[in-house]
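Remarks on the overall topology
Chain by chain, the residues:
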Amino acid sequence: MEADGEAEARLLLQEARESIEAARSYRRELEQRLRGLHQARKQIRESATLTRDVLEQHFNDLKGTLKKLLDERLMSLLQEVDAIEQDSIKPLDECQKLIEHGVSTADDLLREGESAVHGDVGQQNEKLCSFTKKALHIQLDSLPEVPSLVDVPCLSAQLDDCLLTILKNQIFRHGTVASRPPVQLEEFVEKPGGILVRWCKVDDDFIPQDYRLQYRKSTASHFEDVYVGSETEFIVLHIDPNVDYQFRVCARGDGRQEWSPWSVPQIGRTTLVPHEWTAGLEGYSLSSRRNIALRNDSQSCGVLYSKAPTYFCGQTLTFRIETVGQPDRRDSLGVCVEQQNGYDSLQRDKAVCISTNGAVFVNGKEMTNQLPAVTSGSTVTFDMEVVQLGPSSNEGGNFKLRVTISSNNREVVFDWVLDQCCVSLYFGCSFSYPGWKVLVF
């Protein structure tokens, strides 16, 4: 009986401990959801505050611009009125001066005539003769032309009240408030020295024409464009390992000029060090980040290897051909188990590669399957996964890697059998002639 009691006590104790752990787990889940609610509330309030600020600033700017435009238009119309008034009054002023001069001349002539008529008899004939000649010279039957009221301008302003209706309709349709952006960030995939960013459309009624991706370091204050196009994913290179970067994306609707609201910013990072070529090999010039190799004019010919075995099985290794030179059957792009100097190509043992003409080599032997020849802008990708053979491949027994090489929308798949376990590999390239430039990521 005592043994049964102890067993029952142990069982109850175990159940109690499990219940305590379940309660702790439940509490942690509740706390995590509570933090999620706090973040959601914070996002709503912060985005609402930002949206208010944007709306107020926009409409204040709009009011200022409209007032400026209306003032400029008013000034232009007033200047037009002034010009018409001055041009129309000028001939009337000239006519008025001519008539006033005629009135003055007529007054003088009247006084002279009356003096001649009522003057002394002895001088009357002489004065009358002089007066008559002057009257004939003045041409008393010639009068200046005075325009009628219908022939002179009568200024008025024509103001179309429909402008207010048009403005009212446009203003009432101007601007929208969106509660959710039409696109959101979906996934971040770590790459060596980079991050593959994927996004998706979340508004079924939205028809995207193109997308715009921006990023910034967590310590930076401004976002910068990194991609604009129609794809829904992009590899952002030149990313420092173990550093947080913030990303956001927006879209432009079909036939529209304006961009949609930004997605909710999200943090992405990579822990993988960037791929680098080995510096110092004669025949190749490297970029500052050592991820771009250029075959120069040197006569020296050899294989340019990676600085370290940074390609791991399960990842995708990508070569992008930036520029091309003269092709040669010995050219190669690929991966190998170890660096081996003295070779002019990766077409050797313990290596798989593709030539610039599309031929595929495994351990130095050319396969029957062939890929398209590489051209400027081509990308060649290597994907590998471990397929174990035998009871224990980790102890030096046979094992193989399933290799997929893709180029120009075609691919070949084969098994690469090795005599040693190898999950991290070197990559390399060799070109016989100058002009080839290749980026690795």
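By the naming in an unreviewed UniProt entry, the protein is Cytokine receptor-like factor 3, taken from Aquila chrysaetos chrysaetos.

Residues given the UniProt feature "domain: Fibronectin type-III" (unreviewed entry) here are residues 181-274. Strand forms 52% of residues 181-274 and helix 0%; the C-alpha atoms that close the span are 33 Å apart.

This structure, assessed with the given rule, holds 21 salt bridges. Salt-bridge contacts for Lys400 lead to Asp415; the nearest nitrogen and oxygen are separated by 3.2 Å. Here the residue Lys400 occupies a position in strand β18 (residues 399-407), and Asp415 occupies one in strand β19 (residues 410-418), the gap between them amounting to 15 residues. Relative accessible area serves as the criterion here: at 32%, Asp415 is assigned to the partly exposed category.

Below, the discussion takes up the domain arrangement of the protein. Each domain of the protein was delimited in the assignment, giving domain 1 (15-177), domain 2 (183-270) and domain 3 (284-440). Each of domain 1 and domain 3 has a C-alpha centre, and the two are 75 Å apart.

The next thing to look at is the sheet that holds strand β2 (residues 194-201). Taking strand neighbours across the sheet as the criterion, the 3 strands line up as β1-β2-β5 in an open arrangement whose pairing is antiparallel. Across the chains shown, the open sheet's two edge strands, defined by having one partner strand only, are β1 (183-191) and β5 (233-236). Taken over all neighbouring pairs, the strand axes of this sheet differ in orientation by 20 degrees on average, direction set aside. For β2 and β5, the ladder comprises 4 bridges, and the chain directions are antiparallel. Note that in β5 the partner of Arg198 across the bridge is Glu233.

In this structure, Lys350 is a non-glycine residue whose phi angle is positive, near 60 degrees. Looking at where Lys350 falls in the secondary structure, it is placed in the loop between β13 (332-336) and β14 (351-354). For Asn363, which is not glycine, the phi torsion reads 55 degrees and is therefore positive.

All right, on to the UniProt feature "coiled-coil region" (unreviewed entry) in the protein then. Under the local residue numbering, the UniProt record ascribes the feature "coiled-coil region" (unreviewed entry) to residues 13-87. Within residues 13-87, the helical portion is 100% and the strand portion 0%, while the C-alpha atoms at the span's ends are 110 Å from each other.

Within the element layout of this structure, Pro181 appears in the loop between α3 (162-173) and β1. Judged by its relative accessible area of 12%, Pro181 falls in the buried class. Apart from the residues lying within four places of it in its own chain, the contact partners of Pro181 are Val202, Pro261, Trp262 and Ser263.

Further remarks concern the side chain of Arg348. When you line up the elements, Arg348 lands in the loop between β13 and β14. Summary of buried charges: Arg348 has no salt-bridge partner, and the nearest side chain of opposite charge, Glu338, is 6.0 Å away. Separated by 3.2 Å, the side chains of Arg348 and Tyr305 make a polar contact. A polar contact is formed between the side chain of Arg348 and the backbone oxygen of Glu338, at a distance of 2.9 Å. The residues contacting Arg348, other than those within four sequence positions of it, are Tyr305, Cys336, Glu338, Gln340, Tyr343, Asn363 and Gly364.

The next subject is the confidence of the model for the protein. Overall, the predicted model of the protein reaches an average pLDDT of 88, with 95% of residues at or above 70. Counting interchain partners and residues more than four positions distant, the pLDDT-below-50 stretch residues 392-397 has 8 contacts.

Glancing now at the sheet that holds strand β7 (residues 266-268). The 4 strands lie next to each other as β4-β3-β6-β7, forming an open sheet whose pairing is antiparallel. At either margin of the open sheet sits one strand with a lone partner, and together these are β4 (224-229) and β7. If you compare each strand with its neighbour and ignore which way they point, the axes differ by 30 degrees on average. Looking at chain direction, strand β3 (residues 208-217) and β4 are connected through 5 bridges and run antiparallel. Bridging from a neighbouring strand, Gln214 pairs with Asp225 of β4.

Each pocket or cavity is described by its volume, and for the largest pocket that value is around 2,000 Å³. Taken together, 42 residues form the lining of the largest pocket, with Thr51, Ala178, Pro181, Pro261 and Trp262 sitting closest to its centre. At the level of elements, α1 (2-117) and β6 (245-253) are the ones that each hand at least two residues to the lining of the largest pocket. Broken down by element, the lining of the largest pocket gets its largest block of residues, 14 residues, from α1. Partitioning the lining of the largest pocket into residue classes produces 19 nonpolar, 14 polar and 9 charged. Residue-level mapping places the lining of the largest pocket at the junction of two domains, with at least three residues from each of domain 1 (15-177) and domain 2 (183-270). Taken as a whole, the second largest pocket holds about 720 Å³ of empty space. Lining of the second largest pocket is provided by 21 residues; of these, Arg73, Leu77, Gln158, Leu159 and Leu163 occupy positions nearest its centre. Contributing elements (two or more residues each) for the lining of the second largest pocket: α1 and α3.

Another point: the packing of aromatic side chains. Geometry of an aromatic ring pair is reported as the spacing of the ring centres plus the angle between the planes. Taken as a whole, this structure holds 11 aromatic pairs when the rule is applied. Summarising the aromatic geometry, the rings of Phe319 and Phe382 are spaced 5.9 Å apart at their centres and angled 85 degrees between planes, so their arrangement reads as edge-to-face. Here Phe319 is found in strand β12 (residues 316-323), whereas its partner Phe382 is found in strand β17 (residues 379-388), with 63 residues between them in sequence. The exposure classification of Phe319 matches that of Phe382, with both residues buried.

Rules used in this analysis
- Residues numbered from 1 in each chain as written.
- Predicted model: local features only at pLDDT ≥ 70, side-chain atom pairs only at ≥ 80, totals over all residues.
- Heavy atoms only, no water.
- UniProt positions renumbered as here; feature names shortened; annotations may be inferred.
- Helix = DSSP H or I, 4+ residues; strand = E, 2+ residues; numbered from the N terminus.
- Salt bridge = Lys/Arg side-chain N within 4 Å of Asp/Glu carboxyl O.
- Buried < 20%, exposed > 50% of the residue type's maximum accessible area, 1.4 Å probe, protein only.
- Domains from an automatic or database assignment.
- Pairing = 2+ DSSP bridges.
- Axes fitted to C-alpha atoms, helices over the stretch in contact; angles between N-to-C directions.
- Contact = heavy atoms within 4.5 Å.
- Lys, Arg positive; Asp, Glu negative; His and termini not counted.
- Polar contact = N/O pair within 3.5 Å; in protein donor to acceptor, adjacent residues only side chain to side chain.
- pLDDT = per-residue confidence, 0-100.
- 1 Å grid on protein atoms, 1.4 Å probe; cavity = no way out; pocket = protein on both sides within 12 Å on 5 of 7 lines; lining within 4 Å.
- Points joined across faces, edges and corners; volume = space filled by probe spheres on them.
- Nonpolar A, V, L, I, M, F, W, Y, C, P; charged D, E, K, R; others polar.
- Phe/Tyr/Trp six-rings, centres within 6.5 Å; stacked < 30°, edge-to-face > 60°.

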